[in-house]
Amino acid sequence: MTLLTVWDENDASAPELQTRDAQVITDVLSTLGARFSRWPLRELTAEPTQDEVLAAYRDEIDAVNAAQGYTLVDVVSIVDDETPEYLEQAATARGKFLSEHQHDDDEDRFFARGSGVFYLRANGKVNAVFCEAGDVISVPANTTH
Ligand SMILES: [Fe+2]
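Going along each chain's sequence as written, the residues are numbered from 1 onward. Per-residue local features are limited, in this predicted model, to residues with pLDDT of at least 70; the limit for side-chain atom pairs, both in listing and counting, is 80 or more; totals at the level of whole chains, interfaces and linings are taken over all residues. Excluded from the side-chain calculation are hydrogens and water; included are all heavy atoms of the structure.

Between the rings of Phe, Tyr and Trp (Trp by its six-membered ring), a pair exists once the centres lie within 6.5 Å; its type follows the angle of the planes, with under 30 degrees stacked, over 60 edge-to-face, and the other angles tilted. Scanning the model with the defined rule gives three aromatic pairs in all. Seen from their ring centres, Tyr57 and Phe110 are 4.5 Å apart, and the 55 degrees between their planes marks the pair as tilted. Of this pair, Tyr57 sits in the loop between α2 (50–56) and α3 (58–68) while Phe110 sits in strand β4 (residues 107–110), and the two are 53 residues apart along the sequence. Between buried and exposed lies partly exposed: a residue is buried under 20% and exposed over 50% of the maximum accessible area for its type, with that area taken using a 1.4 Å probe on protein chains only. By relative accessible area, which is 1% here, Tyr57 ends up buried. According to the relative accessible area criterion, Phe110 is partly exposed, its value standing at 22%. Of the aromatic side chains, those joined through ring pairs into one cluster are Trp39, Tyr57 and Phe110. Numbering of helices and strands starts at the N terminus; helices are DSSP runs of H or I of at least 4 residues and strands are runs of E of at least 2.

Spelled out as structure tokens, the structure:
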């Protein structure tokens with residue numbers, strides 16, 4: 001279940017807030033300009049291709065693209081199968097995603113499966129959003145994450 005934890009960016013000794021309440025998560029993230037929502041999960045094959053994932057969620061993706069003017073969609077798939085390929089892929093992903101950064105476009109992520117944590121640092125707070133299948137999080141442009 002989705003979990004939001006908020007700390008003061010200079011004091012990680014104890015969180016200021018920890019909640020699984022989707023409405024509270026939505027409200028807190030909205031103060032950062034971020035959006036949180038959920039999409040209904042669709043049936044996927046055991047090892048779906050990128051095209052199959054995109055096709056399963058085509059209506060939702062098209063709606064977001066139309067509303068936000070997005071033109072780029074990608075699928076990230078990291079499956080822990082304990083193979084050397086996974087270990088290399090995981091190391092590459094960690095190198096890319098663990099470095100705090102900003103960019104001048106939004107970053108929306110939908111979790112079709114699995115889980116992940118987005119850390120957003122803004123307004124003197126660190127907001128960690130543990131996302132699970134069905135969650136959609138939108139990190140607005142120029143937000144440190
Ligand atoms: Fe990013």
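Next up on the list: unusual backbone geometry. Even without a glycine there, the phi angle at Glu82 is positive, about 60 degrees. Secondary-structure assignment places Glu82 in the loop between α3 and α4 (84–97). A relative accessible area of 70% means that Glu82 is categorised as exposed.

The next point concerns the sheet that holds strand β1 (residues 3–8). Strands are labelled as partners when DSSP assigns at least two bridges between them. Spatial strand order, β2-β1-β6-β5: four strands in an open sheet with antiparallel pairing. Whereas interior strands pair on both sides, the edge strands pair on one side only; in this sheet they are β2 (17–19) and β5 (115–122). Put simply, the sheet's adjacent strands are angled 10 degrees from each other on average, direction ignored. Here six bridges tie β1 to strand β6 (residues 125–132), and the two strands are oriented antiparallel to one another. Bridge pairing in β6 links Leu4 to Val129. Whether two residues are in contact is decided by their heavy atoms: any pair within 4.5 Å suffices. Here, axes are lines fitted to C-alpha atoms. For helices the fit covers the stretch in contact, and angles between N-to-C directions go from 0 to 180 degrees. Sheet strands touched by helix α1 (residues 22–30): β1, β2 and β6. Its angle to β2, the strand with the most contacts, is close to 135 degrees.

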